[in-house]
Amino acid sequence: MVISIRKVISLLLVMVLLSTGLEVFAKSAHSSDDSLMTIEEGEKLARESVPLLKDFIRSKVYVDDLLKSEQFEIVFDHKNDEYWDIRINFDAKKKEIIQYEDKITYTPTEIISKQRLTRAAAKKVADSFITNVSNSNFSRTKYVEESQLLGRELVNSNDGFTHSFLYLRYENNTPVRYHDEYNNFAGKPQFFNGVHIAVDIFGNVKRYTYKWDYDLIFPKPIKALSKIEILEKLEQQKPFILEYQPIHSASNGMDEHIPSIRFAPTTLDAETGSVRSYVYLDTGHSTRSTEPLTSNELAAKPSPIPSGQHITEKNAIDILNKMFALPKGKISSYSVLYEWKMEWELQFQIVTDNRSYSVFSSVNSITGEVNSYEMKPNTNTNKKVKLTNQQAKQQAISFVKKHYPWLTHKLYLEEYGLPKSNFYKYHFVQKHSGLDVVGGEIIIHIDSESGAIKHFSKGKSVAEEAPTQLVDLKIAKNQLLNNVNLQLVYNIVLEIWLGDSIVSNEEMYDLELSELYTNEDFTLKKRVEFVYKMYDEPSNQEVFLDAVSGQWRNKYNGRSVSLNNEKLNDIEGLPEYEAIQLMSAYGGLRGESGSMKPNQLITKGELFKMISYAISDGYVNITPPLVNFGVSPFEDVGFGSDYYPYAYATLAYDLIEVKETKLYLDRHVTREEITSMLINVLDEEERDEYKKIIKINFNDEKGINNKEDAALAVGLGLLRANDGNFMPEKELTRAEAANAVYQFMIAYSLLKQREYGSD
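1. Some details on the overall build of the chain
- Across its full length, the chain carries 17 helices and 32 strands.
- Taken across its 759 residues, the chain has 49% of its residues classed as buried.
- Contacts in the chain between residues far apart in sequence, at least 24 positions, make up 67% of those at least 6 positions apart.
- By element, 47% of the accessible surface of the chain is carried by carbon and sulfur atoms, the whole surface being about 37,000 Å².

And the structure:
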């Protein structure tokens, strides 16, 4: 399939028009062309496929005129609920439903009264819905188990608590994979083929997306090498990357960097095992210089600002002005000093005689080092491109040499072949002792019209005393080979062509912005290949492989972990089974030797950890602050403690109120204590509103310090009241605590949905 640049621009315009709500009321938009589905035919198909539509009426139609009406959307409003609508998108050419979105607002009483579906029940709902809506191609899809992994995909705070399922397209019993999940074109994932569906805990289908590329041509099946043979090829090619992996909870309170080893993400020919090389149109493909910016440092690192005091907001803005030459004008500030993060978050406007600029930045309040900077707008976007890639590159290099002369001998320029429409993008990758420093890049975006720095961010450097001796590299490589994530797939490649010639890697980097987007011969082509795809992470855990010890370690705290997910043998049949499974998948609750010990009492440390994961959808990314300049605020929770980041997260999120200097993380937790922590997540207005609706009297209310919080906890299903008693002093088991947090996640997401449901 060939996509012209005009077609790409049309697609982008369509997305803009649809997002702004350009409304076209229902008429026979397609009646002149019998090959296209009419709006009436689309509504008929929807009502035959979606039983829920019996209580809805058609209200609006959005037609994609720029694509010759090949797609349109019908909005159905509920007869009795102004905040509930269903939006269905159609492919008029293929006469299919391609997207479905259900927007519904729940009230707290409905949250309490409705029965909540297990994942197994939600899967049955998904299967039934897809069978009704999808065409015969659904038989060529397979449900992939990896999509049921419990994590961020399972929870969506704007859409309610949902179970998400993915059915991938299969050809010749081989999955058709994404080009790469994180590589996008025009902000949209490119090559997903199949069905993605989300079902909420009440059995409602919230989202349905059906994508099927009919123009793909699949190569004839060949005899593929076995995985053992592919591993032998890998051993010969050794596509390994050595780098410093940062961990955030080191014993001294500072970030540490540990030598790690991983595979370079690689695509291998399924028949020969040779490494494939592609030209991709995305912002993730780059080339790196083989030599650092300079052979030696240009100057010594300046002495840090004397510690003991935070710099003022004026100091921080003066530092920005010195680095970026801010426009002169009146400044209106919305900045905040976060002492616990040692950071000024600067948001201010500069009003000049001609225009207004918005500045967003963060500055270390102790050292005065700029962590990030962005100003909008930088230039008049109506002007034609002025800077070439070479000019912008030299400007970025000069900036780094001027402001970071002590790092230039460790920085390697990484260029991105195709800039965005109005800026060039450069990464200066930091290497220490020959290893890349993960998260240590200096990132600079240069405005292609004015040459101004549009965006700047700087990662952290490796301490000079960081370990450099890789004593067990062979063991580490064997570990990688034993746990490599290899998948035999049909891989879809997007190529850049000028006229009749494919653009090579070298040519792509030399293309100027104006040349690319004004060239009538510019086209994009899709090609399908039968390959092995290798992924750099061997499991769905956040882990890395220590290049010194050969052990798998947690990316967050550096602890040794096992990649073998042991089946928990003591939770089958428990009412809290799903809750424990979710908390275990998040990493918030750990078992040992196949046992979760559900009846063992929960400790405060375990609960802090579980809540931290729950409120961040299973992906905790908390850097413990150096409070009081390297001294922990808690006498019994040092920086080396496994629970320190979680304890501090709950403090930062206002879940706990520390009146003393100890947290007593080994103490057990009462029902009233967990109630206080979870209800505190709601803002005051939410708490006040729901307390008016949910009122429950308890027989033992004299022993309850906060009766309204207790009623809300029971009303929302976080805890149960047996025989009318709340039992505030009763200590919770691990199973009960996991269920309370699990039910809170459900209720909180639905309450948030109620708040934003009418948007």
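2. Quick notes on unusual backbone geometry
- A cis amide bond, omega -15°, links K376 with the succeeding residue P377.
- With respect to the helices and strands, the residue P377 is situated in the loop between β22 (370-376) and α7 (389-403).
- One non-glycine residue, A325, adopts positive backbone phi at about 55°.
- Within the secondary structure layout, A325 lies in the loop between α6 (313-324) and β18 (330-333).

3. Details of the pairing of strand β28 (residues 485-498)
- Most of β28 is tucked away, with eleven of its 14 residues classed as buried.
- Examined bridge by bridge, β28 and strand β29 (residues 501-502) share two bridges and lie antiparallel to one another. In the strand pairing of β29, W497 is matched with I502.
- The antiparallel hairpin formed by β28 and β29 contains two residues in its connecting segment, where G499 sits at a positive phi of about 65°.

4. Here we look at the pattern of salt bridges
- Throughout the structure, instances matching the rule amount to 23 salt bridges.
- As a salt-bridge pair, D213 and K526 come within 2.7 Å of each other at their nearest N and O atoms. Here D213, found in the loop between β13 (205-211) and α5 (227-237), pairs with K526, found in strand β30 (residues 522-535); they are 313 residues apart in sequence, far enough to count as distant. Taken individually, D213 and K526 each receive the classification buried, so the pair is uniform in this respect.
- Of the charged contacts, one joins D546 and R553 as a salt bridge, the two residues approaching to 2.5 Å between their closest N and O atoms.

5. With respect to the environment of P175
- Here P175 is to be found in strand β9 (residues 174-175).
- Accessibility expressed as a relative area gives 9% for P175, which makes it buried.
- Sequence separation between P175 and Y490 is 315 residues; the distance between their C-alpha atoms is 6.2 Å.
- Beyond its immediate stretch of four places on either side in the chain, P175 contacts L168, R169, Y170, L488, V489 and Y490.

6. Thoughts on the pairing of strand β12 (residues 194-200)
- With six of seven residues buried, β12 lies mostly within the body of the structure.
- Counted along the chain from β12 to the antiparallel partner β13, the turn is four residues long, and its residue G203 has a positive phi close to 90°.

7. Some thoughts on the confidence of the model for the chain
- Averaged over every residue, the pLDDT of the chain is 78; residues scoring 70 or more account for 77%.
- Note that pLDDT drops below 50 for residues 147-153; the model gives that stretch 20 contacts with residues more than four away or on any other chain.
- Throughout residues 179-190 the model reports pLDDT below 50, and contacts reaching past four residues in sequence, or to other chains, amount to 20 contacts.

8. Quick look at the environment of F192
- In this structure, F192 sits in the loop between β11 (188-189) and β12.
- Residue F192 is classed as buried on the basis of its relative accessible area, which comes to 8%.
- The sequence separation of F192 and I492 amounts to 300 residues, and the corresponding C-alpha distance is 9.6 Å.

9. Digging into the packing of aromatic side chains
- With the rule as written, the count across this model stands at 18 aromatic pairs.
- Pairing Y210 with W212 gives two aromatic rings, centres 6.3 Å apart and planes at 15°, and the pair type is stacked. No difference in accessibility class separates Y210 from W212, as the two residues are buried.
- Between F218 and Y490, the ring centres sit 4.9 Å apart and the planes meet at 70°, which makes this aromatic pair edge-to-face.

10. Focus on α6
- For α6, spanning twelve residues, the distance from its first C-alpha to its last is 16 Å, which sits close to the expected 16 Å at 1.5 Å a residue.
- Within α6, burial applies to A316, I317, L320, M323 and F324. Down the axis of α6, the smallest arc covering the buried residues is 125°, so these residues share one side. Of the exposed residues in α6, those oriented more than 90 degrees away from the buried face are K314 and K322.
- Looking at the buried positions of α6, the neighbouring elements they touch are β18, β20 (343-351), β21 (356-364), β22, α7 and β27 (453-458).
- Of the residues trailing α6, A325 is marked for its positive phi of about 55°.

11. A closer look at the nonpolar core
- Counting residues in each nonpolar core, the largest one holds 99 residues, and the members touching the most others are I88, I197, Y208, M583, L607, M610 and I674.
- It is helix α17 (residues 734-756) that contributes the most residues to this core, twelve residues altogether.
- Residues within four places of M583 in sequence aside, it is in contact with G588, L589, M610, A738, V741, Y742 and M745.

12. Examining the side chain of S358
- Here S358 shows up in strand β21.
- Overall, the relative accessible area of 19% leaves S358 in the buried class.
- If we skip the residues at most four places from it in the chain, S358 touches F348, Q349, E374, M375 and K376.

13. Points about helix α4 (residues 119-133)
- Taking 1.5 Å as the rise per residue, α4 with 15 residues should run 21 Å; its terminal C-alpha atoms sit 21 Å apart, in good agreement.
- Taken as a whole, α4 has its buried residues at R119, A122, A126, F129, I130 and V133. The arc enclosing the buried residues of α4, seen along the axis, measures out at 95°, which places them on a common side. For α4, exposure combined with an orientation more than 90 degrees from the buried face picks out A120, K124 and T131.

14. Things to note about the environment of N422
- Considering the arrangement of structural elements, one finds N422 in the loop between β23 (411-416) and β24 (423-432).
- C-alpha of N422 to C-alpha of S448: the two residues are 26 residues apart in sequence and 5.4 Å apart in space.

15. Digging into the packing of helix α12 (residues 604-614) against helix α14 (residues 671-679)
- One way to put it is that α12 packs onto α14 with a least axis distance of 12 Å and a crossing angle of 25°. Our classification of the angle between α12 and α14 gives roughly parallel. The handedness of the crossing between α12 and α14 comes out as right-handed. Seen from α12, the contacting residues are L607, F608 and I611; seen from α14, they are I674, M677 and L678.

16. Description of a negative patch on the surface
- Together, D683, E684, E685 and D688 give the surface a local cluster of negative charge.
- One can find E684 in helix α15 (residues 684-693).
- Using a relative accessible area of 58% as the deciding quantity, one classes E684 as exposed.

Cut-offs and rules
- Residues numbered from 1 in each chain as written.
- Predicted model: local features only at pLDDT ≥ 70, side-chain atom pairs only at ≥ 80, totals over all residues.
- Heavy atoms only, no water.
- Helix = DSSP H or I, 4+ residues; strand = E, 2+ residues; numbered from the N terminus.
- Buried < 20%, exposed > 50% of the residue type's maximum accessible area, 1.4 Å probe, protein only.
- Contact = heavy atoms within 4.5 Å.
- Areas by Shrake-Rupley, 256 points an atom, 1.4 Å probe, with all protein chains shown as cover.
- Pairing = 2+ DSSP bridges.
- Salt bridge = Lys/Arg side-chain N within 4 Å of Asp/Glu carboxyl O.
- pLDDT = per-residue confidence, 0-100.
- Phe/Tyr/Trp six-rings, centres within 6.5 Å; stacked < 30°, edge-to-face > 60°.
- Expected span 1.5 Å × (residues − 1).
- Arc of directions from axis to C-beta.
- Core = buried A, V, L, I, M, F, W, Y, C linked by side-chain atoms within 4.5 Å.
- Axes fitted to C-alpha atoms, helices over the stretch in contact; angles between N-to-C directions.
- Parallel < 35°, antiparallel > 145°, perpendicular 65-115°, else oblique.
- Left-handed = near helix turned anticlockwise from the far one by under 90°.
- Patch = residues over 30% accessible without salt bridge, like charges linked within 9 Å, V, L, I, M, F, W, Y side chains within 5 Å.
- Lys, Arg positive; Asp, Glu negative; His and termini not counted.
- Charge placed at Lys NZ, Arg CZ, Asp CG, Glu CD.

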